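# Report on the structure
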Amino acid sequence: MKILVTNDDGIHAPGLWVLAREMLSLGQATVVAPDREQSGMGASVSFHHPVRIVKVRPHVEGIETYSVEGTPADACILGLKVVHGSQPDLVVSGINEGRNLGDDVFISGTVGAAMQAHFLGVPSIAISVSIDNPQFATAARLAAIFGRHISEGNLPKRILLNINLPNVPLEQMAGIAVTKLADQVFNFSIKPGNDGRKNTYWIERGRPQWKQAEGTDRWAMDQNLISVTALITYSNSPVIPTLKTLAPAIFKELKESF
């Protein structure tokens, strides 16, 4: 199995390398990631200037690694079209430090990279943990388990999953919930300034106001559940019922793997 690993926190982010190391359990892993932190870039692609890609020394021995001077979506596209001689079997984006819930997925670089893979016909997973208590090892193992189920045909190949882990150790997690995106309202503040030549403005995002509803990804976090959201589904797609059927077995496998 060939796996492309990417992220939006940058090539040196610890979560990226915990994930990449775990992917070796599935087969051949390649890392192609932005050269710096690129959070909030969404699925943005650099159409108006060239993008540089450089082979670099890996943090984990034996993993071919490339740094991209561009967005997470750029990194994924170049990983698929330039680095891989043939299309990989799976793209995993993360492990993001900071959960991607609700409408955040539309500006998340972690999700944006996975989305580009989906558009190019590759099954993809975006996976995120809490900043305060990042469960990197658990998240990486869970991504590998989902990757194996995709490889074995237990899940559809046409799949884009957004996975978020609650802010507790594995032994305190209550299971896996197949969820939908929560509604939220953002508050933006504007800080004016001047650089000596012209007026400038800093756009800052405040804490979102969540509309709590059972069955959403935000609700799952409050229940100490792992949230798995199929972000794009098609008519008559078996993704949701299949996920709901597999979820208990996957959680049992995750707990027994440590």
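The structure we're discussing is the one just above.
Every value quoted in this text rests on a predicted model; they were computed, and no experiment measured them. (Residues numbered from 1 in each chain as written. Predicted model: local features only at pLDDT ≥ 70, side-chain atom pairs only at ≥ 80, totals over all residues. Heavy atoms only, no water.)

## What to know about the overall build of the chain
- Along its length, the chain carries six helices and 13 strands.
- A globule of 258 residues ought to have a C-alpha radius of gyration of about 18 Å, and the chain, at 18 Å, matches this closely.
- For the chain, the C-alpha atoms occupy an extent of roughly 60 × 45 × 35 Å along the three principal directions.
- For the chain, the residues scored as buried account for 50% of the 258 residues in total. (Helix = DSSP H or I, 4+ residues; strand = E, 2+ residues; numbered from the N terminus. Rg over C-alpha atoms; globule rule 2.2 N^0.38 Å. Buried < 20%, exposed > 50% of the residue type's maximum accessible area, 1.4 Å probe, protein only.)

## Observations regarding the packing of helix 2 (residues 72-83) against helix 3 (residues 109-119)
- Where helix 2 contacts helix 3, the axes come no closer than 8 Å and their chain directions differ by 30 degrees. Judged on the interaxial angle alone, helix 3 and helix 2 are roughly parallel. Viewed along their axes, helix 2 and helix 3 form a crossing whose handedness is right-handed. Across from Pro-72, Ala-73, Cys-76, Ile-77 and Leu-80 in helix 2, the residues of helix 3 making contact are Gly-109, Gly-112, Ala-113, Gln-116 and Ala-117.
- For the contact of helix 2 with helix 3, the class distribution of residues is seven nonpolar, three polar and no charged. (Axes fitted to C-alpha atoms, helices over the stretch in contact; angles between N-to-C directions. Parallel < 35°, antiparallel > 145°, perpendicular 65-115°, else oblique. Left-handed = near helix turned anticlockwise from the far one by under 90°. Contact = heavy atoms within 4.5 Å. Nonpolar A, V, L, I, M, F, W, Y, C, P; charged D, E, K, R; others polar.)

## Quick look at the nonpolar core
- Among the nonpolar cores identified, the biggest contains 50 residues, and Met-23, Phe-146, Ile-163 and Ile-226 are the most heavily contacted of them.
- Ranked by residue count, the leading element in this core is helix 4 (residues 136-151), at nine residues.
- Excluding anything up to four places from it in sequence, Ile-163 contacts Ile-125, Ala-126, Ile-127, Ser-128, Leu-142, Phe-146, Ile-226, Ser-227 and Val-228.
- Counting residues in each nonpolar core, the second largest holds 13 residues, with Leu-4, Tyr-66, Cys-76 and Leu-80 among its members. (Core = buried A, V, L, I, M, F, W, Y, C linked by side-chain atoms within 4.5 Å.)

## Focus on the pairing of strand 1 (residues 2-6)
- Counting buried positions along strand 1 yields four of five residues, so the element is predominantly enclosed.
- Where strand 1 and strand 2 (residues 28-34) come together, four bridges link them in parallel fashion. Within strand 2, the residue paired with Ile-3 across the bridge is Ala-29.
- Where the polypeptide runs from strand 1 across helix 1 (residues 14-23) and back to strand 2, its parallel neighbour, the crossover connection is right-handed. (Pairing = 2+ DSSP bridges. Right-handed = clockwise from strand over helix to strand, strands pointing away.)

## Things to note about the sheet that holds strand 3 (residues 52-56)
- Reading across the sheet, the nine strands line up as 3-4-2-1-5-6-7-13-8 and stay open at both edges, with mixed pairing between neighbours. Unpaired on one side and paired on the other, strand 3 and strand 8 (175-178) mark the two borders of the sheet. Within this sheet the neighbouring strands show an average axis-to-axis angle of 20 degrees, counted without direction.
- Examined bridge by bridge, strand 7 (residues 160-164) and strand 13 (residues 225-230) share four bridges and lie antiparallel to one another. Within strand 13, the position partnered with Asn-164 by the bridge is Ser-227.
- Contacts between helix 3 and the sheet are confined to strand 1, strand 5 (90-97), strand 6 (124-129) and strand 7, with strand 6 contributing the most and set at about 170 degrees to the helix.
- Across the sheet, helix 6 (residues 239-256) lies against strand 7, strand 8 and strand 13, angled at about 170 degrees from strand 8, the strand it touches most.

## With respect to the environment of Ile-77
- With respect to the element layout, Ile-77 can be found in helix 2.
- Judged by its relative accessible area of 23%, Ile-77 is partly exposed.
- Here Ile-77 is in contact with Val-45, Val-82, Gln-116 and Leu-120, once residues within four sequence places are set aside.

## A look at the packing of helix 1 against helix 4
- Across the interface, helix 1 lies against helix 4 with an axial gap of 9 Å and an inter-helix angle of 40 degrees. Taken together, the axis directions place helix 1 and helix 4 in an arrangement best described as oblique. Of the two elements, helix 1 crosses helix 4, and the hand of that crossing is right-handed. In this structure, helix 1 uses Pro-14, Gly-15, Val-18, Leu-19, Glu-22 and Met-23 to contact helix 4, whose residues at the interface are Phe-136, Ala-137, Ala-140, Arg-141, Ala-143 and Ala-144.

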